[in-house]
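One letter stands for each residue in the lines below.
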Amino acid sequence: MSIKRRVYKTIQPHKTDDIPSIIFDWFIAFVIAVNICILVFGTLNLPQRILFVFYIIEVSTAIIFTVEYLLRLWTADIIYRNKNPFRARLRYIFTFVMIMDLIAIIALYLHLAFSVDTYILSIFRLFRLIWFFKIKRQYIKVFSSIIDVFKKKALLLLFSLTSIFTIMVIASVLMYHAEKQAQPEIFGNAVSGLWWAVITISTVGYGEIYPVTVLGKVLGAFFSIMSMGLIAVPTGIMSSGFVEKAREERIQAKGNKSFCPYCGKNIEE
């Protein structure tokens, strides 16, 4: 086995129980966990010596992930055998996984390069949370299943979310007209009532904005009751999508047989 193929089997997704690859996966998972812990605990008021240790660990992390990124790019021509090495690497570098890895690496280097955290740098630092999705990603099919469900139910979800937003706007306008005389400082316009509509229909209910007139209370009660059904619609759509996805995977695993949609048993038996 060539060195490149050995590196490929170690760092790239695979289907065999390859010991070096398993060790590499757990090592990367450990490094990711340590880096995320530093991201969180680094915001505390810690002694300077501990922050210096954090800095050394982050530098080491940046080197590790840079080397891993370059090795994945180096072995890309094994994935795309029908392309020359340059085109293979060019295509692989624009895959979703590689783009997310590059963003996370750049975010880490930006943090290391600038000692003072600005608002923009803090946002970039959050991109390092993307590394959580790298943990054992070749063994977990959940993410691909979620994406498939979203694709299949995209139109239904879009229609459902559009309907919810439309009702929120209607609730905002009605509440504005009901409360503008009693609470002009809160419901100064229809846009002001939109925040109330969002927290009410989403069932969050912070309570800092609420109606005081009789008509406003009636409208508030009506939309609060309606919200229970509205929020359940996209949840039901996604639930049915996951059930259908699980049934498809079960059928593919057991062959083209007929299964009961309720109990999952083979109907032909």
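Residues numbered from 1 in each chain as written. Predicted model: local features only at pLDDT ≥ 70, side-chain atom pairs only at ≥ 80, totals over all residues. Heavy atoms only, no water.

Draft legend 1. Broad picture of helix α10 (residues 190-201). Here α10 is twelve residues long and its end C-alpha atoms lie 16 Å apart, about the 16 Å a rise of 1.5 Å per residue gives. Those residues of α10 that fall on the buried side of the exposure criterion are Gly193, Trp196, Ala197, Ile199, Thr200 and Ile201. (Helix = DSSP H or I, 4+ residues; strand = E, 2+ residues; numbered from the N terminus. Expected span 1.5 Å × (residues − 1). Buried < 20%, exposed > 50% of the residue type's maximum accessible area, 1.4 Å probe, protein only.)

Draft legend 2. Main features of empty space enclosed by the protein. Tallying each qualifying case throughout the model produces two cavities of 30 Å³ or more. Reported here for the second largest cavity is a volume of approximately 40 Å³. Along its surface, the second largest cavity is lined by Asp148, Val149, Lys152, Lys153, Gly241, Glu244, Lys245 and Glu248. The leading source of residues in the lining of the second largest cavity is helix α11 (residues 214-254), at four residues. Classifying every residue of the lining of the second largest cavity by side-chain character gives one nonpolar, one polar and six charged. (1 Å grid on protein atoms, 1.4 Å probe; cavity = no way out; pocket = protein on both sides within 12 Å on 5 of 7 lines; lining within 4 Å. Points joined across faces, edges and corners; volume = space filled by probe spheres on them. Nonpolar A, V, L, I, M, F, W, Y, C, P; charged D, E, K, R; others polar.)

Draft legend 3. Representation of the packing of helix α3 (residues 48-74) against helix α5 (residues 85-93) within the structure. Where α3 meets α5, the axes come as close as 9 Å, and the angle between the chain directions of the two elements is 130°. The pairing of α3 with α5 is recorded here as oblique in orientation. Where α3 abuts α5, its residues Tyr69, Arg72, Leu73 and Trp74 lie against Arg89, Tyr92 and Ile93. Taken together, the residues of the contact of α3 with α5 sort by class into five nonpolar, no polar and two charged. (Axes fitted to C-alpha atoms, helices over the stretch in contact; angles between N-to-C directions. Parallel < 35°, antiparallel > 145°, perpendicular 65-115°, else oblique. Contact = heavy atoms within 4.5 Å.)

Draft legend 4. View of the side chain of serine 172. Structurally, serine 172 can be placed in helix α9 (residues 154-179). With a relative accessible area of 3%, serine 172 lands in the buried category. Polar contacts involving the side chain of serine 172 include one to the main-chain amide nitrogen of leucine 194, which spans 2.9 Å. Ignoring any residue separated from it by four or fewer positions in sequence, one finds serine 172 in contact with Ala190, Val191, Gly193, Leu194 and Ala197. (Polar contact = N/O pair within 3.5 Å; in protein donor to acceptor, adjacent residues only side chain to side chain.)

Draft legend 5. The side chain of threonine 75, seen in detail. You can see threonine 75 is positioned in the loop between α3 and α4 (76-79). Since its relative accessible area comes to 0%, threonine 75 is described here as buried. With residues near it in sequence (within four places) discarded, threonine 75 still touches Lys4, Val7, Tyr8, Ile11 and Gln12.

Draft legend 6. Just the confidence of the model for the chain, in detail. Averaged over all residues, the pLDDT of the chain equals 80, while 81% of them reach at least 70. When mean pLDDT is taken per element in the chain, α3 scores highest with 91 and helix α7 (residues 119-126) scores lowest with 64. (pLDDT = per-residue confidence, 0-100.)

Draft legend 7. Just helix α1 (residues 3-11), in detail. Residues of α1 that are buried include every one of Val7, Thr10 and Ile11, and no others. Looking down the long axis of α1, one finds its buried residues gathered within 80° of arc, a one-sided arrangement. As for α1, its buried residues are in contact with α2 (19-41) and α3. (Arc of directions from axis to C-beta.)

Draft legend 8. Region of interest: the pattern of salt bridges. Enumeration over the complete set of coordinates arrives at four salt bridges. Between lysine 4 and aspartate 77 there is a salt bridge, with the nearest N and O atoms lying 3.2 Å from each other. In this pair, lysine 4 is assigned in helix α1 and aspartate 77 in helix α4, connecting sequence segments 73 residues apart. The exposure class assigned to aspartate 77 is buried, which follows from its relative accessible area of 18%. Residue glutamate 244 pairs with lysine 153 through a salt bridge whose shortest N-O separation is 3.4 Å. Placement of the pair is glutamate 244 in helix α11 and lysine 153 in the loop between α8 (142-152) and α9, with a sequence separation of 91 residues. Exposure remark for glutamate 244: the relative accessible area of 33% places this residue in the partly exposed category. (Salt bridge = Lys/Arg side-chain N within 4 Å of Asp/Glu carboxyl O.)

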